[in-house]
Structure formats: structure tokens, C-alpha cells
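Here's the letter readout for the chains.
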Amino acid sequence: MKNGSLVKLIDVHKTYRTGEMEVPAVRGVSLEIKRGEFLALMGASGSGKSTLMNILGCLDRPTSGSYFLDNADVSGLDRDQLADIRNRKIGFVFQSFNLLPRTSARENAELPLVYSTQRLSHAQLRERADRVLASVGLAGREDHPPSQLSGGQQQRVAIARALINDPEVLLADEPTGNLDSRTSVEIMAIFQQLNERGITIIMVTHEQDIAAYAQRNVVMRDGVVVDDRVVPQRSDAATQLEQPLPSTL
Amino acid sequence: MRIAPTFNVAYRALRRNKMRSVLTALGIIIGVGAVIAMVGIGNGAKAQVEAQIASLGQNVILIFSGSTTSSGIRTGWGGAGTLKIEDAEAIRREVPGVIGVSEEVVSTTQVAAGNQNWFTRIFGESADYFDIRQWPLSDGAPFTPQDVRSANKVCVIGRTTATQIYGNENPIGQILRIKNVPFTILGVLTPKGLSPQGVDQDDIVVMPYTSAMKRVSGGTTLRNINVQIGDPGQIAAAQQQIISLLRQRHNIRPGRDDDFTVRTQEEIAEAATATSRVMTVLLGAIAGVSLVVGGIGIMNIMLVSVTERTREIGVRMAVGARGNDILTQFLIEAVTLSSVGGLIGIVCGIGASALLSTYAHWPTLISIGSIAIAFLFSAAVGIFFGFYPARKAAALDPIEALRYE
Ligand SMILES: Nc1ncnc2c1ncn2[C@@H]1O[C@H](COP(=O)(O)OP(=O)(O)O)[C@@H](O)[C@H]1O
Ligand SMILES: [Mg+2]
């Protein structure tokens, strides 16, 4: 497996048990994602995208099957070990931003470092948070709490938080779900820019035009992968932002 | 995990809900305040007992006429005149280990010198009195056994009496008229200050008991007998011997109550602290109940806080917080709440102690040790009652927590 694959899922199943009922949410997914890819996970509501993302993000464990992240089997790790993996290797971006309220952008961005094994001084922490915030276009907003930021700005803070610990992979579950179309393109521009710098991105979306910013689209239905294709005509968010937006967006 | 930001988070969470935090801490504030006041009163009472023991003298047994346990009429200490001078002499003669005996009669009367009058207490004693009570003279000399035998018209006086009657003049050698009998002042006692009950111990005239009985009070019985034992180990045995000697001398048949009361110094001191002990128990109960109620309040608020911040917990877990990190965070919050309450409680307790000693004249004594214990106790309450909510937070499933509305 030393072939540059960052994520490797082998016949992953996830079955939820609610009382007597068994709900199979993911039913045998095998998937390989290489370092540096930008992948969009698509499918109708209830097709198992979020469940798969939770497994990819080490928030949950598969009921059966194996998950190799960075060539290490993580499917059998315990809660604390998974927490460490999330801290070191994974950055999350959520649909609803999930920033801590009444907490400055800087402190939100610093959050993963609070739980890091790295020992950084207060000044180093601050310096790093400010640098990452600047890289997502939030220089000058470091002291603003989420309530003083627009939706797009809040999502940028969330991206900064996801990036601060130099993760192997950025996981985004419907990152544009709560944003208007112009702001969505701005967020996609940031994703494409990060991806060009070599960051692997896995993004869930059910919108075709958002998926078109990725390199590869994987489509799920009823817990299995039904399509896996390279995007033929990739949209380029940066150029779109320079032009007046097409009405389809 | 980094601890400093965690304290910061706890501090801000508490400050955000200021009123709620204060109300929650109130139980702890009252509890710790009561602990501080309680220990203050307890220590004050202990110091009082020590002072009392010291003021009685050393290795002293007191014998009062009258019984405290008499089944019929409760005559009380010194009530019925059953103690005779001969009883004291018998004790001096027959009880082993006795090194001093003082026959005591007490009366209150007007004394005069020149045109000065003063109302004071007259103590009739033997010459052993000054040794028994360890009460030396600051000036002059005590009266002698010869003065006692001859019932001489001599006395020594306390500092207050001296100042009241003679001002700055030297009273030694002066004549003090008591019931129109002229007494020569031989000496002035060293000042003792207020007794633990607030009586001025220096407002006193001490004279041979023979003189007091013959010339001042006129009675034939003693109010009490002060006995000093040489070896502290012999006090209990001596107490028993005094009881049987007096029963025999007073012809008390077996089964009947004593017509006298024998108390050691410790017994008297204990009786004197009974009230403060009741107060201590009462405050202890308040403290205990308040700390438990306060603890439950903290638990309640922390549970509310965990629910309110479920999403925050989910986010923290998603970015790598372990269960233990979340546990620590909420424990720190609970402990901050309880120990800040504890600090305020300590201030209130010190204030309450000060009020008690100023207005109720309770002797109180606040020690650094009791402050430290109260503080640790309040922190412990935070840990104990914060643990359940904190563990609940730590056990949350990150996915569920992130989805929580
Ligand atoms: N915690 C859960 N307990 C029970 N069933 C669940 C749970 N989470 C998801 N499911 C079910 O699993 C299926 C897949 O859900 P999900 O992965 O959220 O789909 P998607 O994100 O594609 O909309 C759905 O049928 C959903 O009802
Ligand atoms: Mg979903």
C-alpha cells in the first residue's frame, strides 16, 4: 500500500441498531483516495454519505471492513486513539460551521492545538492562528466572535481551524449547504487553492455544480458506491469570481 | 491538553452566566462561611478553656458546698453551708498528694478609704491561695499563715480596686475600711484582666478567711475549698479520697447523695464550654447541609451547562479532545465555581466571627489552618459533585453531540 494512497476502505459496512431495528447505512464500500486528490462524495439524502464521512473522519468505526489512513489500520482503534488521529491527521469543516460562540476567530482557529501534543508557547499559538486566518482571507478579523462575522467568514474560520494542525486530509460535509451561491464559490476557490498546495480534500455535496469543482466524483446510493468518475470539465472558482456569475450558480 | 486555556474557558463560561454562577455558589458560600465561623468559635472556646484552666491555678480540685445532683432540691454550688473549716483541715491532714488548701468565703461589699467608696468582692482565703491560683503579687507581700490563725486585719487588693480607690497613690500600708473595720493593705496582686466570662478579676480584695468570716461576712461555713495536688497523676485518686473523707465526716449513709460537689479543673472547664459546643454542633450541621445543598446546586448547574454546550463538546471532540480532556474541563469549571464560592465564604465566615465577638462577645479565633481546610473542602465539593456531569460530558458521542440542536 506504499503507493501514495492516503485513504483505503475495504468492504466497509456500517449498520445502526435502533432497538430491534437494524439500519444498514453503508453496505460494503471499497474506496481508495490518493494523496492530493479533491474528491466530491455525492448522492441523494439518506444514501450514506455522512455515515461514510464519519468513518473517514475517525468519528465513528465501521461495523465491519477495514480502514487504512496513511497506511495505518484505524478501524480497530479505541476512542482516545481515534481522538489523537483526528487531532493530528484530520481537519473538519461542517455545514453549520460549528464555531464556539462568543469566542474570537483566533481562539476558534487555535482550538485543535489546545488538544495537541505539540508544546507551543502562547505567542507561537497566536502567530500560527493569525497566519492560517490570513491564508483564508481573514486578516484583521482575528478578534471577531462568530456573531460579528458573515456566514462565509464563519466558514473560513472553520477552514482555518481545520488547517491549523497541518492535517493529512480535509473533510467537509456539505460545506456550502448554509451559504449563498456567491459565497459558495468563494469557499470553493479556497478549497481549490488549498488542493493546489497539495492538501487532500474529501467533500460531501448533493449539488452537481459544487461537485464540479472537485477532480473526482463518487456517487452513493443506498449505502453503496454506484459511480466513480473523474470530472470531465472542472469548474475553476477563481476565474468565475473574476467574472460576473452565470445565472445557473 | 493545555491547562491554561481550559481555566480561561471555565472562567468565561462562569462569567457569562454571572447571576446563575453566584446563586449556584451561594450554598457553598454559606457552608464555608459556617465552617469558618464554627471553627472560629470552637477555637475561641478552646482558648477560653485553656485560659480558664490556667486561671484556676495548677492541678486544682474545687470542693463546693451543696450538691448538684441532689434528687430533691437542687441546691447548687455553694448553696447550703455544709463545708466546715474542719473539713478543709481534714483534707490537708489526710489526703495524700495535697500540697495546698485554701478555705474560701466570698462576699460583696462596699469598701472605703478617705472619701473614696468602691463596691467590690471580698475573698477570704488561706495563705496557700496565691500559690494555688499561681497569682503572685506585683507589689508588697501576701498575708501569712500567722495572719490567718490570728484573723488579722490585713488584706491584699487587685489592681482595679487599687486604682479605683487610690488612683496613682501607692496603696501599700494604707488603711482600707471594710464594714467599718480598718484593714491594712499588704500588697497589690498582679493584674489578670477579664475572666473568660467577662468579670474583672482585678476588682478584688483578698484577706485571711478567718478575718472575712469574723469581721466581714459573719458566717461559719465555707463557700468552697480549693485544693492543690502536687502530682497531676494523683488528681483522680485525690478526688475520690476527698469524696469518701467528706461523706464520712458528714455522716452520709451509702445510697444518699453527697451534700458537696468535688470538681477537678478539667471538669469545670468542660462545663464552661458546653454552650459553645452546642453552637459548634449547630453551625457544623448548617455547614454540612449547606455544602451538600451547594454541591447539589453545582451538580445541577453543571448538568445544565453540559446540555447547553453539547455542540461545543462535539466540536472539541472532533478536533481531537479526548474524553479525559472534556472531563477535566468540566471538573475545572465545577471546582472554580465551588472554590470561588469557598473564598467568598471564607470572607463571610471571618466577618461573621468578627460580628460574633464584637456584639455577642463570643471569643473567636480564626486560624490559617481552618481557612486552608475550608478552602480545600469547597474545592473537594466541586470535584465530588462536578464529577458526574463531567463524566456525562466526557462520555458523549462526538457525532451525536455535533448534531445536537
Ligand atoms: N445514528 C443513526 N441511527 C440510526 N440510523 C441512522 C443514524 N445515522 C444515520 N442513519 C440512517 O442511515 C442512513 C444514511 O444516513 P446518512 O449517512 O446521514 O445519509 P446522508 O448523509 O447521505 O443523507 C439513513 O437512512 C439514516 O436514517
Ligand atoms: Mg448527510
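Structure report, in brief. Everything quoted here is computed from the prediction, not taken from an experiment.

### Some points on the site of ligand 1
Residue and element names in this part refer to chain A. Taken together, the neighbourhood of ligand 1 is formed by 13 residues, with Gly46, Gly48, Lys49, Ser50 and Thr51 sitting nearest. Contact distances for ligand 1 include 2.7 Å between an oxygen atom and a side-chain N or O atom of Ser50. One nitrogen or oxygen atom from the side chain of Thr51 is found 2.5 Å from an oxygen atom belonging to ligand 1. Listing elements by their share of the shell around ligand 1, those giving two or more residues are β1 (5-18), β2 (21-34) and α1 (49-56). Grouping the amino acids of the shell around ligand 1 by side-chain chemistry returns 4 nonpolar, 7 polar and 2 charged.

### Some thoughts on the side chain of Glu125 of chain B
Residues and elements named next belong to chain B. You can see Glu125 is positioned in strand β3 (residues 116-125). Among buried Asp, Glu, Lys and Arg side chains, Glu125 stands out as unpaired, with Arg133 the closest opposite charge at 6.6 Å. For Glu125, the side chain forms a polar contact with the side chain of Ser102, separated by 2.6 Å.

### A look at the nonpolar core
Across soluble globular proteins, nonpolar side chains show a tendency to be buried alongside one another. Val7, Leu9, Leu56, Tyr67, Leu69 and Ile202 of chain A are the most contacted members of the largest nonpolar core, which totals 71 residues. Other than its neighbours up to four places away in sequence, Ile202 of chain A contacts Val7, Ile33, Leu39, Met53, Leu56, Val169, Leu170, Leu171 and Ala172 of chain A. Of all hydrophobic cores here, the second largest spans 55 residues; its members include Ala113, Val154, Ile165 and Phe183 of chain B.

### Some points on a positive patch on the surface
A surface patch of positive charge is lined by Arg102 of chain A together with Arg15, Arg16 and Lys18 of chain B. By secondary structure assignment, the location of Arg15 of chain B is in helix α1 (residues 3-16).

### Examining the packing of aromatic side chains
All names here are of chain B. The tally for this structure, following the rule as stated, stands at 5 aromatic pairs over all chains. Ring centres of Phe130 and Phe143 lie 5.4 Å apart, and the angle between their planes is 70 degrees; this geometry places the pair in the edge-to-face category. With Phe130 in helix α4 (residues 129-132) and Phe143 in the loop between β4 (137-140) and α5 (145-150), this pair connects stretches of sequence that are 13 residues apart. For the pair formed by Phe130 and Phe143, the shared burial category is buried. The ring of Trp135 carries the charged tip of Lys192 above its face, separated from the ring centre by 4.9 Å.

### Regarding unusual backbone geometry
The backbone of Arg102 of chain A sits at a positive phi, close to 55 degrees, despite the residue not being glycine. Of note, Arg102 of chain A is situated in the loop between β6 (90-93) and α3 (105-114). When its relative accessible area of 54% is taken as the criterion, Arg102 of chain A is described as exposed. Residue Gln134 of chain B is not a glycine yet carries a positive backbone phi of 50 degrees. Tracing the backbone through its elements, the reader meets Gln134 of chain B in the loop between α4 and β4. Here Gln134 of chain B falls in the partly exposed class, since its relative accessible area comes to 44%.

### Here we look at the sheet that holds strand β5 (residues 72-73) of chain A
Residue and element names in this part refer to chain A. The strand order β2-β1-β4-β5 describes an open sheet built from 4 strands, whose pairing is antiparallel. In the strand order of this sheet, the two ends are held by β2 and β5, each with one partner. Pairing analysis gives 11 bridges linking β1 to β2, with the strands arranged antiparallel. When the sheet's bridge partners are listed, Tyr16 is paired in β2 with Val23.

### Things to note about the environment of Arg309 of chain B
Residue and element names in this part refer to chain B. You can see Arg309 is positioned in the loop between α9 (265-308) and α10 (310-318). Taking C-alpha positions, Arg309 is 75 Å from Val106, a pair spaced 203 residues apart along the chain. When neighbours within four sequence positions are excluded, Arg309 is seen to be in contact with Val9, Ala13, Gln329, Phe330 and Glu333. Only 2.9 Å separates the side chain of Arg309 from the side chain of Ser305, close enough to count as a polar contact. A distance of 2.8 Å separates a polar atom in the side chain of Arg309 from a polar atom in the side chain of Glu333.

What counts, and where the lines are drawn
Throughout, a residue's number is its position along its own chain's written sequence, starting from 1. Throughout, the order in which chains and ligands are written sets their labels, letters from A for the former and numbers from 1 for the latter. This being a predicted model, a pLDDT of at least 70 is required before a residue's local features are given, and a value of 80 or more before pairs of side-chain atoms are given or counted; all residues contribute to the totals for chains, interfaces and linings. Side-chain measures were taken over the full set of non-hydrogen atoms in the model, leaving aside hydrogen atoms and water. Near residues are defined by distance, with any heavy atom within 4 Å of the molecule or strand qualifying the residue. Here a polar contact is recorded for every N or O atom pair within 3.5 Å, except that within protein the pair must consist of a potential hydrogen donor and a potential acceptor, and residues adjacent in sequence are included only if both atoms are side-chain atoms. A run of DSSP states H or I qualifies as a helix once it reaches four residues; a run of E qualifies as a strand once it reaches two. Both are numbered from the N-terminal end. When residues are grouped by polarity, Ala, Val, Leu, Ile, Met, Phe, Trp, Tyr, Cys and Pro land in nonpolar, Asp, Glu, Lys and Arg in charged, and all others, Gly among them, in polar. Any residue under 20% of the maximum accessible area for its type is buried, any over 50% is exposed, and the rest in between are partly exposed; the area is computed with a 1.4 Å probe on protein chains only. A residue counts as positive if it is Lys or Arg and as negative if it is Asp or Glu; His and the chain ends are not included. By salt bridge we mean one thing: a side-chain nitrogen of Lys or Arg within 4 Å of a carboxyl oxygen of Asp or Glu. To define a nonpolar core, start from buried Ala, Val, Leu, Ile, Met, Phe, Trp, Tyr and Cys residues and group those joined through side-chain atoms within 4.5 Å. Here, two residues are considered to be in contact whenever any of their heavy atoms come within 4.5 Å of each other. A patch consists of residues whose relative accessible area exceeds 30% and which take part in no salt bridge; residues with like charges are grouped when within 9 Å of each other, and nonpolar side chains (Val, Leu, Ile, Met, Phe, Trp, Tyr) when within 5 Å. Areas reported as accessible are Shrake-Rupley estimates using a 1.4 Å probe. Residue values count occlusion only from the protein chains shown. For this purpose, a charge sits on NZ of Lys, CZ of Arg, CG of Asp or CD of Glu. Each aromatic pair joins two rings of Phe, Tyr and Trp (for Trp, the six-membered one) with centres within 6.5 Å, and gets the label stacked for planes under 30 degrees apart, edge-to-face for over 60, and tilted for any other angle. Either the NZ atom of lysine or the CZ atom of arginine qualifies as a charge over a ring when it sits within 6 Å of the ring centre and within 35 degrees of the ring normal. One bridge is not enough; two strands pair if DSSP finds at least two bridges between them.

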